Every structure is written in C-alpha cells, then in structure tokens.
Amino acid sequence: MKKLLAMILCVSMMATALVGCGGSSEPAADDAAVAGGIGLSVSTQNNPFFVTLVEGAEAAAEEAGVSLTVVDAGDDVTKQVSDVEDLLSKNIAVLIINPVDSDAVSGVVADAMEAGVKVIAVDRVVNGVEVDCTIASDNVMGAEMATQYIVDTLGEGIKVAELQGVPGASAAIDRGEGFHNIADASLEVVASQTANFDRTEGMSVMENMLQANPDIQAVFAANDEMALGAVEAIAGANKEIMVVGFDATDDAIAAINEGRMAATIAQQPDLIGKTAVENAVKLIAGETIEANIPVEVALVTAE
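Residues numbered from 1 in each chain as written. Predicted model: local features only at pLDDT ≥ 70, side-chain atom pairs only at ≥ 80, totals over all residues. Heavy atoms only, no water.

Colleague: An account of the side chain of Ser 102 is requested, with residue identities and associated values reported.
Modeller: In this structure, Ser 102 sits in the loop between β3 (94-97) and α4 (106-114). Within the structure, the side chain of Ser 102 is placed 2.9 Å from the backbone oxygen of Val 125, a separation counted as a polar contact. (Helix = DSSP H or I, 4+ residues; strand = E, 2+ residues; numbered from the N terminus. Polar contact = N/O pair within 3.5 Å; in protein donor to acceptor, adjacent residues only side chain to side chain.)

Given below as structure tokens:
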C-alpha cells in the first residue's frame, strides 16, 4: 500500500511539474502573426514598381525590428479584401494598403479602423474613408509633366493616344486627369483605352490603336509596363512614335537610353515603402503623423 501511494504521489508531482513548465495544450502563436505587427497588402508584385515598394518596406521593418507580413492581391480586389481580413485576424496594429481599387477596399478598411487598427494608404488613396495617412507621389503633376514634354517636343495639335491604368485605381484616375489637363487643350487625343498597367495588354491595345489610327504621333502610358508594351507594338509596325511612361523602372530607363522610349516620370517606390513602415512604427508608439505625405516626382529623359 505504501508503494502504491508513493507511485500515485510521484505521478501527481510529475503532472504538476509539466503544467508548471509550460505543458499547456494551448497552440503556439504564429510568428508571422505577432500582435502589434504591421500588415502590407500590395495590389500586385507582377510589376517592378511594387516589388521595389515592398523591398523598401521590408528593409525599413528589418531596421526597426518590427514584424511585417506582406500579402499580394495579384490585381484581384476580391483577393485583396480577403487578404486584409486575414491580416486583421492576426491582430496587426497597422495596415499598410496599396489598393487594387480605391472604392472597393473602403469597406474592409473601415472595418480595420473600427477594430482599432491604424491604416496607411500607399501610392493610391482609399476613397470614402479617412485613413490615418496617405503616402503617394503627386500623380496629377507627374502626368502633366509627361504630357507637357510631348507638347514641348512635338508641338501643339499632334495626334496622341493614351494607355490608361487599372480602372478604379486612384493612380490611374489621377494620371488620367493630369494627362487630360494638358492634352485636351494642346493635343488631339485620338485614342484612349485601359491596358490595366500591364505590359502584354499595353502591346495588344497599342496594336489595335495603330490599326484604327495609323497616324498617331505620340503615346502617353500611365505606367512604364504599358509604355514598354506600346514600344514593342510600335516597333512591330515599323513606326516612329514618341512614347512617354510613368514610374522610371529599370526597363524603362534602359529603353530611354536605347532611344526606344522618350521619357518617363520618376517616382521613388522604395522611399514610399520605407516611409510607410517608418510612420507605422510611429503610430504603434502612439505618435501623431501627417495625414498626407507626398513623395517627389521628376521627368526623366535621355538628357
């Protein structure tokens, strides 16, 4: 009997020790979902501009020692909403969002803010919701600069085509506004169509435009990917047409140096990503930040 009681006591003590040493059945926390971290929802990483933006954000997060979880919407607004909902379930403190569609994400962004999550919009605005901060280039001014370069180089009244970005994206809307601010008064816009910020679509749309309007003299593309697609279509048609883009990606700079593109507008996507994370860290610390933080743009030509 004494031996039996001793065994029971030993087993009881072992069980108590296990509990005291963390022998709980509660699941371990996911390292990528540490409460108080930052979530970054980017519209697409199938675009060098946004790849660079993410790299800038990741470098800043590493330097600051904060957790950053990046999700890629693949230019699908339904996926982006789902991605953001998943980030919110991981108890992030700050959501950085680059909207696929500035209107369509407003609901899930409002839900985030109602849950106490701070929100920073990058490159594109969120419509209908007053987020904590918007960090973006001056897209209207950049497009005006690009279009004025066409006017200054080729003169007024020449026939020009426009390749628009993703419908509903604030960057596409703003760049279209800037283009028309100059073009409607000084140029003849003979074609205007979306190519969804995509190089392959830019080539296809440009081919169709050239068939319908073979006398196009210049093209404004709302990003470099579409501009590079247009360059390929123009080369295939054996034509000499001025092409001006927007973003100053490495491929676009190379095309300008080779004389295949005339100009582009330089943004600083790495600085946008870096600035977003730095301000997210401030928000986590309870600091106040500016509601709008502009990032400078500049015209880039071979000169």
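Colleague: I'd love a proper account of the confidence of the model for the chain, names of residues and values included.
Modeller: Taken as a whole, the chain shows an average pLDDT of 90; of its residues, 88% reach a score of 70 or greater. In this model, residues 1-34 is a region of pLDDT below 50 whose contacts with residues beyond four sequence positions or in other chains number eight contacts. (pLDDT = per-residue confidence, 0-100. Contact = heavy atoms within 4.5 Å.)

Colleague: Describe the packing of aromatic side chains, and please don't skip the residues or the numbers.
Modeller: One pair of aromatic rings is described through two measures. These are the centre distance and the angle between the planes. Scanning the model with the defined rule gives two aromatic pairs in all. For the pair Phe 49 and Phe 50, a centre-to-centre distance of 5.1 Å together with 90° between the ring planes defines the contact as edge-to-face. Seen from their ring centres, Phe 179 and Phe 220 are 5.3 Å apart, and the 10° between their planes marks the pair as stacked. Taken together, the residues Phe 179 in helix α6 (residues 170-186) and Phe 220 in strand β8 (residues 218-221) connect sequence positions 41 residues apart. With respect to class, Phe 179 is no different from Phe 220; both count as buried. (Phe/Tyr/Trp six-rings, centres within 6.5 Å; stacked < 30°, edge-to-face > 60°. Buried < 20%, exposed > 50% of the residue type's maximum accessible area, 1.4 Å probe, protein only.)

Colleague: Could you give an account of the pairing of strand β11 (residues 292-295), with specific residues and numbers?
Modeller: The alternating pattern of β11 places Ile 293 and Val 295 on a buried face, while none of Asn 292 and Pro 294, on the opposite face, is buried. Across four bridges, strand β5 (residues 133-137) lies against β11 in parallel orientation. Within β11, the position partnered with Ile 135 by the bridge is Ile 293. (Pairing = 2+ DSSP bridges.)

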